[in-house]
Amino acid sequence: MNHSIHRALYYLRVLGFRGLLSAVRSKLLNRPALLKSTRPGIRFPFYIRMLASDVSVYDQIFILREYDFETRKEPAVIIDAGANSGLTSIWFANRFPDSRIIAIEPEKNNFAILKKNIAPYNNITPVHGALWDENKEITLVDPGLGTMGYMTRNNAATAEKIPGKSLYRVKGMTIDRIMAEQGIEFIDILKIDIEGAEKEVFQDPAPWIDKVGALIIETHERMKPGCNHNVLNATKDFNDKWSQGNSVYLSRTNGCLKRGITRP
């Protein structure tokens, strides 16, 4: 099937006729467009950038429901690291309206649409920065994977080289620093999708790993070898592990997550 036809059918399936028209208009005018969208069970409208990876993220979260899971108890604190345009944070905020959610995103354009999307929610706090193993400025790199594929690397001349265009420096933060700055004592759910930086984040997690009840993580071994080793080594005390969509779920015995997907 022709790629353009296949793509058009995908937009029609995921976003309906309005979404398809918006994508076609954006393509013809050669400029980005925002589609104002609503979903059953989502309290406020939100925005999707046409011809960007927002569409596939929308599909992942709201159609395929990859972050739909059972809980033993309501999570009090959720960290959404690699929050992109904020759609996952919105999902969590509607599923757990009494939870406190910290949405972390390093790329400035993603962060701008994130702030726009989460503005109606007083339980979501946006943080402009990137998870790292040190509290210092690091470099944001565009490897050409779209708006959800930005990577980070150390600024040192001897640092591991990541193919792509270096963009600008961003604030690198350790998880324990974020907890201290946000006044958090325990993280019930730590969702991480940070395009390979999990290798650094989980390199020495001793200051914070015992203060996490459950992890939802997408590892990027293909992009940065060593990710899987560091994550698995750091999470040996997490008793229950399973895969759901593109993510690995890890929960402690007394954590809030339960294996399984809920459906309405």
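Residues numbered from 1 in each chain as written. Predicted model: local features only at pLDDT ≥ 70, side-chain atom pairs only at ≥ 80, totals over all residues. Heavy atoms only, no water.

Student: Please clarify how the sheet that holds strand E11 (residues 189–192) should be interpreted in this entry.
Tutor: What links the strands of a sheet is backbone hydrogen bonding, and the strands pair in either a parallel or an antiparallel sense. Reading across the sheet, the 7 strands line up as E6-E5-E4-E11-E12-E14-E13 and stay open at both edges, with mixed pairing between neighbours. Each edge of the sheet is formed by a strand with only one pairing partner; in this case those strands are strand E6 (124–128) and strand E13 (240–244). Neighbour-to-neighbour, the strand axes of the sheet open up by a mean angle of 15 degrees, direction not taken into account. One ladder, built from 3 bridges, connects E11 with strand E12 (residues 214–217); its direction is parallel. Bridging across to E12, Leu190 finds its partner in Leu215. Sheet strands touched by helix H3 (residues 87–95): strand E4 (77–81), strand E5 (100–105), E6 and E11. Its angle to E5, the strand with the most contacts, is close to 175 degrees. Those strands touched by helix H5 (residues 175–182) are E4, E5, E6 and E11, and its axis lies near 130 degrees from that of E5. (Pairing = 2+ DSSP bridges. Helix = DSSP H or I, 4+ residues; strand = E, 2+ residues; numbered from the N terminus. Axes fitted to C-alpha atoms, helices over the stretch in contact; angles between N-to-C directions. Contact = heavy atoms within 4.5 Å.)

Student: Would you mind showing me how to read the side chain of Asp188 here?
Tutor: Residue position: Asp188 is located in the loop between H5 and E11. Within the buried set, Asp188 has no salt-bridge partner at all; the shortest N-O distance to an opposite charge, 5.0 Å, is to Lys73. Within the structure, the side chain of Asp188 is placed 3.0 Å from the backbone nitrogen of Val77, a separation counted as a polar contact. Not counting the four nearest positions on each side in its chain, Asp188 is found in contact with Pro75, Ala76, Val77, Gly213, Ala214 and Cys256. (Buried < 20%, exposed > 50% of the residue type's maximum accessible area, 1.4 Å probe, protein only. Lys, Arg positive; Asp, Glu negative; His and termini not counted. Salt bridge = Lys/Arg side-chain N within 4 Å of Asp/Glu carboxyl O. Polar contact = N/O pair within 3.5 Å; in protein donor to acceptor, adjacent residues only side chain to side chain.)

Student: Would you explain the pairing of E6 in this entry?
Tutor: Put simply, side chains in a regular strand alternate between the two faces of the sheet. Judged from the 5 bridges that link them, E5 and E6 form a sheet pairing that is parallel. Note on E6: the bridge partner recorded for Ile101 is Ile124. A crossover links E5 with its parallel partner E6, the connecting element being helix H4 (residues 108–118), and its sense is right-handed. (Right-handed = clockwise from strand over helix to strand, strands pointing away.)

Student: Whenever I open this one, the pattern of salt bridges confuses me. Can you help?
Tutor: Any two side chains of opposite charge can pair if their charged atoms end up close together. Evaluation of the coordinates by the stated rule reveals 10 salt bridges. Among the salt bridges present, the one from Arg169 reaches Glu137, with a minimum N-O distance of 3.8 Å. Here Arg169 is found in strand E10 (residues 165–173), whereas its partner Glu137 is found in strand E8 (residues 136–142), with 32 residues between them in sequence. Take Glu137: its relative accessible area is 47%, and that puts it in the partly exposed class. Lys224 is paired through a salt bridge with Glu200; the nearest N and O atoms lie 3.0 Å apart. Placement of Lys224 in the loop between E12 and helix H7 (227–234) and of Glu200 in helix H6 (residues 198–201) is noted, with a sequence separation of 24 residues between them. There is no split in this pair, since Lys224 and Glu200 are both buried. A single salt-bridge network, built from bridges that share partners, covers Arg65, Asp68 and Arg95.

Student: Which parts of the structure should I look at to understand the packing of helix H1 (residues 3–29) against helix H2 (residues 54–63)?
Tutor: The relative placement of two packed helices comes down to the angle between their axes together with the axis-to-axis distance. It is at 10 Å that the axes of H1 and H2 come closest, and there the two elements cross at 45 degrees. Taken together, the axis directions place H1 and H2 in an arrangement best described as oblique. In this structure, H1 meets H2 at a crossing whose hand is left-handed. Here H1 contributes Tyr10, Tyr11, Arg13, Val14 and Leu15 to the contact with H2, which in turn contributes Val55, Ser56, Tyr58, Asp59 and Ile63. Residues belonging to the contact of H1 with H2 are distributed by class as follows: 7 nonpolar, 1 polar and 2 charged. (Parallel < 35°, antiparallel > 145°, perpendicular 65-115°, else oblique. Left-handed = near helix turned anticlockwise from the far one by under 90°. Nonpolar A, V, L, I, M, F, W, Y, C, P; charged D, E, K, R; others polar.)

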